[in-house]
Amino acid sequence: MSTEGTPLSALVERADAIYRDYSLATVRDWKARTGGLAVGFMPIYVPCEILHAQGVLPVGLMGARDDLEIIKGDAYYQSYICHIPRSTIELGLSGRLDCLDGVLFPAICDVIRNLSGMWQMLFPDKLVRYLDVPQNFEPEIGGRFYRHELDELARSLTERGARPYDAEALRASIGLYNALRREVRELYALRQREPWKVPTSELYLLLRASVVIPVQDATQMFREYRALIAEDASRVPLDQARVMLTGSFCEQPPIGLIRTLERAGCYIVDDDFVQVHRWIQSDIPTDGDPMQQLVMAFLQDAMASPTRYIDKGEKGADLILRIRRSQAEGVLFCAPSFCDPALLDQPMAVRAVERHGVPWTAFKYSENTGQFQVIREQAGTFADSIKLWSAV
Amino acid sequence: MTIPTKSQKDDSQLRQKTMIARHFDRLAAAPETGEKNVYTFVPGNLTELLLSFDLLPVLPEINSLQSAMRGKTAEYISIAEKLGHSEDVCTYVKSDIGMMKSGNIGPTGQRLPNPDLLLLSYTGCFTFLKWFELLREEYHAPVAMLHVPYQPDGRITPAMRDYVVKQLKDDIIPALERISGRAYDEDKLREHLKLSAQAEDDLVWVLQSAKHKPSPIDAYFGAVYYVGPIFSAFRGTEGAVAYYQALRAEIAERIREGKGPVTPDGDIEKERFRVVVEGPPNWTSFRQFWKMFADEGAVAVASTYTKVGGVYDAGFRHDPSRPLESLAEYCLGCYTNLGLPTRIEMLAQYVRDYEADGFLINSVKSCNSFSAGQLHILREVEKRSGKPGGFIESDLVDPRYFSAANIKNRLESYFQMLEQKRLGGAA
Ligand code: SF4
Ligand code: SF4
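Draft legend 1. Here's a closer look at the overall build of chain A. The secondary structure content of chain A amounts to 14 helices and 8 strands. For 392 residues, the compact-globule formula gives about 21 Å, and the C-alpha radius of gyration of chain A, at 20 Å, lands near that figure. Considered along the principal axes of its C-alpha atoms, chain A spans approximately 65 × 50 × 45 Å. Residues classed as buried in chain A amount to 64% of the 392 residues present. When the accessible surface of chain A is split by element, carbon and sulfur atoms take 52% of a total near 14300 Å². Charge separation in chain A, taken as the distance between the mean sites of 43 positive and 52 negative side-chain charges, equals 1 Å.

What follows is the structure, given as structure tokens:
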């Protein structure tokens, strides 16, 4: 049954419009209304709470789609480098990101790292910060280093004109982000239970919108969505294979790819898309020294990711746990072309899922991929084989 | 490493050859002698610290490049790709995996021992992190992780240094103590650091000799041999000190004689172009690549690749009076750990200081650490130095990405352009 013209479809369309808006109209409106600063951030994770507490709107920059004509970006990157840096440069040089007062570049790979240096030079009037994150997770070692990075981040925001750091304000912001994270977790849990109710192609649009709009609005959007789908009786189970999709934590796939997978017979019951609101896995305490709470959450409660060095336990244990929790019947390794963290990790992840007897298939994409025929066939065959095996 | 075609080998080359042979003999014999070894990386290597525990360093990056020079990497990479390693990632890693799967035969034809420890000095390259995760799975060896923060603003902050020093004290040294069965001996470390600084002085002298006209060295192709001992297992040894003294004396002699650099095909008779080079060389066709320069009379007078194991010409020296702080600063200062603006400034400065006619970027497909941003570097260095830049693409150790005809064409056009500029300038 069609949901066209319903409040649900209106909500998804709103999210879609935000996702499609390269010129960040909602951010410009917010700035006009509040007079606050807006600062972009690259994938995967930055502690948005700090920005929020200082009156700054965090804006997730997740690259582009196939409808962005790359005019200047290709002059900055060779063909063997992933797509997201060139689309980000394109957006920047074409003035679409002018409303941002700065951009944060978290340490996830050498491409983002080097992009931070280019950004410094191309946009000398903006705040540009490389946010280094520790690969040592001891509070006294990596924790101390990260604390310093976060203090410096807060200081640089103030220098840029944001409100000075205030512990009480940060506690309040952590509370707001806890609420948002809870909503996202709930929705992921619901999708795992009843994937027919939460198509990933919708969830994805909501996630993309949620990194651009203010935190309370994002929380409200997820809440409304949950309420609306609960009322929607037209969403009934189909004979689809339950799959987990992994590898898409930075450069994001085009929405068309996600739709293609769904149409090919897959229920995506867990994924790596837009991880910023899931990076910290549970509520961050709002008592004590809030900056230190952010540090500890990063050290002790962050998601496993190919971008982090994990020296404890069996390699891939997190992946297996997620497969079990989501009751995925198979894994789609779905990484951007030329993505070092995803592709270097993949052989180890593949071995882990094979050890546990989980079927898998792998393909690559680019954020501007426009043709999905091959992927559709591959995913369709994969879904069919899973269904066949689960039937015997 | 040695330059094989010279019939009359210089003293320095013989010394280097002997050092390498002895080292690999010890590694090959390690299963019998019980000597312990540590696999680690060139950027941010802690050779003096390893030596102070009598541990033998193994550098997988160098093994990969040596495998390429011996024509083995096509096969090794293909083995790794068949095992599921992506065609998109660094070929050093795949070559290493392929080498291991083929019996782990090292550059001297002897079998390398399995690692007793993987010292993951995570400096300047994300791939390192995954490389040793992969090796950990293969060898079931313990890993000691040293995270070296990046220098986005071209300066080392106390927080960065403290972070590295603390890891050295709390993680790395205890791991080395466990493997070696010995206690940390700071005096011994200081002795090695003193020797490092001596060798570093001579290396810098050699690299800066390229300021002479004609340059007595090729600071890219030739210099990969010169940096060999200091970038690998020998920094901090008497052998390295003696090697660099001998090398310095030989180069001083060349200057006195007004000679240009040695190449595999003999001396360059006439220095026609002085160029600065950014990016690692291609190793599968190293001599062919070098010849393309030498045939045009093009001499590299400075390069950034020769700084991946330490930027000594900017003044850094290992300092025995501050052993761990100095090791931390060394790691932090390696070339690929420097922000793009710093890299750009360094290149522009080289073009000026070495009175280069231009600069060339060899962009390798494997390496995001080097390559992401090089087109920006190209434009910026041109702008700052006022000299033309050239851009070629290849790979480190994957022969599929060395298109000789293409590269030769590009180089010829580039050198023609330099010539025309010169004529235009003279007119
Ligand atoms: S897609 Fe992968 S390689 Fe590219 S910027 Fe993102 S994490 Fe880095
Ligand atoms: S990515 Fe670059 S720096 Fe890293 S191991 Fe490969 S060649 Fe070396």
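Having put the structure on the table, let's press on.
Draft legend 2. Layout of the interface of chain A and chain B. Taken together, the contact pairs 48 residues of chain A with 54 residues of chain B. Here chain A meets chain B over a buried area of about 4500 Å², counting both sides, of which 58% is carbon and sulfur. For the pair chain A and chain B, the interface holds 5 salt bridges. Applying the counting criterion to the chain A and chain B interface returns 27 residue pairs in polar contact (both at pLDDT 80 or more). For the side of chain A that touches chain B, the elements supplying multiple residues, two or more each, are α5 (110-122), α6 (139-159) and α13 (340-355) of chain A. For the side of chain A that touches chain B, the element with the most residues is α5 of chain A, which contributes 9 residues. For the side of chain A that touches chain B, the per-class residue count stands at 25 nonpolar, 10 polar and 13 charged.

Draft legend 3. Broad picture of the pattern of salt bridges. Residues and elements named next belong to chain B. Per the stated rule, a full pass over the model turns up 70 salt bridges over all chains. As a salt-bridge pair, E419 and R272 come within 3.3 Å of each other at their nearest N and O atoms. Placement of the pair is E419 in helix α17 (residues 404-426) and R272 in the loop between β6 (266-267) and β7 (273-278), with a sequence separation of 147 residues. We classify E419 as partly exposed; its relative accessible area is 23%. Across the pair E419 and R422 runs a salt bridge, and its minimum N-O distance is 4.0 Å.

Draft legend 4. Fine view of the pairing of strand β6 (residues 266-270) of chain A. Residue and element names in this part refer to chain A. Most of β6 sits inside the fold, with 5 of its 5 residues counted as buried. Bridge count for strand β5 (residues 241-246) against β6 is 4 bridges, and the pairing is parallel. Across the sheet, R242 pairs through a bridge with Y267, a residue of β6. As a crossover connection, the stretch from β5 through helix α10 (residues 255-263) into β6 is right-handed.

Draft legend 5. Representation of the state of the cysteines. Residues and elements named next belong to chain A. Scanning all chains against the criterion turns up 0 disulfides over all chains. Looking at the unpaired C266, the closest cysteine sulfur is the one in C334, lying at 11 Å. Owing to a relative accessible area of 0%, C266 belongs among the buried residues under this scheme.

Draft legend 6. Structural view of the site of ligand 2. Residues and elements named next belong to chain B. Taken together, C90, Y92, C125, T127, F128, W131, C367 and L396 make up the full set of residues adjacent to ligand 2. No other element matches the 3 residues that helix α6 (residues 127-139) contributes to the shell around ligand 2. Partitioning the shell around ligand 2 into residue classes produces 7 nonpolar, 1 polar and no charged.

Draft legend 7. Spotlight on the sheet that holds strand β1 (residues 37-39) of chain B. All names here are of chain B. With parallel pairing, the 4 strands of this open sheet are ordered in space as β2-β1-β3-β4. Only two strands of the sheet have a single neighbouring strand rather than two, namely β2 (56-58) and β4 (143-147). Looking at each pair of strands side by side, their axes are set apart by 25 degrees on average, direction ignored. The pairing of strand β3 (residues 117-122) with β4 spans 5 bridges and is parallel.

Draft legend 8. Quick look at the packing of aromatic side chains. Evaluated as defined, the whole model comprises 37 aromatic pairs over all chains. With a centroid separation of 6.4 Å and 55 degrees between ring planes, the pair formed by W196 of chain A and Y267 of chain A is classed as tilted. In this pair, W196 of chain A sits in the loop between α7 (167-193) and α8 (200-210) while Y267 of chain A sits in strand β6, placing the two residues 71 residues apart along the sequence. Its relative accessible area of 9% is what places Y267 of chain A among the buried residues. A ring pair is formed by W283 of chain B and F286 of chain B, whose centres lie 5.3 Å apart and whose planes are at 15 degrees; its orientation type is stacked. On the accessibility criterion, F286 of chain B (2% relative accessible area) is buried. Here R308 of chain A stacks its cationic end above the ring of F298 of chain A, 6.0 Å away from the centre of that ring. Over the ring of Y76 of chain A we find R379 of chain B, and its NZ or CZ is 4.1 Å from the ring centre.

Draft legend 9. Molecular detail of the site of ligand 1. Residue and element names in this part refer to chain A. Neighbouring ligand 1 are the residues C82, I84, I108, C109, V111, I112, C250, E251, F338, C339, D340 and P341. Of all the elements in the fold, those that place two or more residues in the shell around ligand 1 are α5 and α13. Within the shell around ligand 1, the residues separate by chemical class into 10 nonpolar, no polar and 2 charged. Mapped onto the domain boundaries, the shell around ligand 1 takes at least three residues apiece from domain 1 (25-163) and domain 2 (169-194 + 240-389).

Draft legend 10. Summary view of the pairing of strand β4 (residues 127-131) of chain A. Residues and elements named next belong to chain A. Across the 5 residues that make up β4, a large majority, 5, are buried. Here β4 shows two buried faces, one formed by L127, R129 and L131 and the other by V128 and Y130. Inspection of the sheet shows strand β3 (residues 102-106) paired to β4 by 5 bridges, in the parallel sense. For F105, the partnering residue across the bridge sits in β4 and is Y130. In terms of handedness, the path from β3 via α5 over to β4 forms a crossover that is right-handed.

The rules we used
For every chain, the first residue of the written sequence is number 1, and numbering continues from 1 onward in sequence order. Lettering for chains starts from A, numbering for ligands starts from 1, and both go in the order in which the items are written. The predicted origin of the model limits local features to residues at a pLDDT of at least 70 and limits the giving and counting of side-chain atom pairs to 80 or more, whereas totals for whole chains, interfaces and linings rest on all residues. Side-chain descriptors were evaluated using all non-hydrogen atoms of the structure, hydrogens and water having been removed beforehand. Starting at the N terminus, helices and strands are each numbered in turn, a helix being any DSSP run of H or I of at least four residues and a strand any DSSP run of E of at least two. Computation of the radius of gyration draws on C-alpha atoms alone. For the globule rule, the value is 2.2 Å times the number of residues to the power 0.38. Think of it in three bands: with a 1.4 Å probe and only protein chains considered, a residue is buried below 20% of the maximum accessible area for its type, exposed above 50%, and partly exposed in between. Accessible surface is estimated by sampling points in the Shrake-Rupley manner with a 1.4 Å probe; for residues, cover comes only from the protein chains shown. Counting rule for charge: Lys and Arg are taken as positive, Asp and Glu as negative, and neither His nor the chain ends is counted. Think of each charge as sitting on NZ of Lys, CZ of Arg, CG of Asp or CD of Glu. In what follows, a contact means two residues having at least one pair of non-hydrogen atoms within 4.5 Å. Buried area is a sum: the accessible area each of two parts loses on coming together, probed at 1.4 Å, counted once for each and added. Take a side-chain nitrogen of Lys or Arg and a carboxyl oxygen of Asp or Glu: if they are within 4 Å of each other, that pair is a salt bridge. What qualifies as a polar contact is a pair of N or O atoms within 3.5 Å, subject to a donor-acceptor requirement within protein and to the restriction that residues adjacent in sequence count only when both atoms come from side chains. Under the convention adopted here, Pro, Cys and the residues Ala, Val, Leu, Ile, Met, Phe, Trp and Tyr are nonpolar, Asp, Glu, Lys and Arg are charged, and Gly plus all remaining residues are polar. Pairing between strands is defined by DSSP: at least two bridges between them are needed. By the criterion used throughout, a crossover qualifies as right-handed when its path from the first strand across the helix to the second strand runs clockwise, the strands pointing away from the viewer. Cysteine sulfurs are considered disulfide-paired once they come within 2.5 Å of each other. Proximity is defined per residue: if any heavy atom of the residue lies within 4 Å of a molecule or strand, that residue is considered near it. Here an angle of 0 to 180 degrees is reported between the N-to-C directions of two axes, which are lines fitted to C-alpha atoms, with helices fitted over the stretch in contact. In this analysis, rings of Phe, Tyr and Trp, with Trp reduced to its six-membered ring, are considered paired at centre separations within 6.5 Å, and the interplanar angle assigns stacked below 30 degrees, edge-to-face beyond 60, and tilted for intermediate values. Whether a charge sits over a ring comes down to the Lys NZ or Arg CZ being within 6 Å of the ring centre and within 35 degrees of the ring normal. Note that domain bounds follow an automatic or database assignment of domains.

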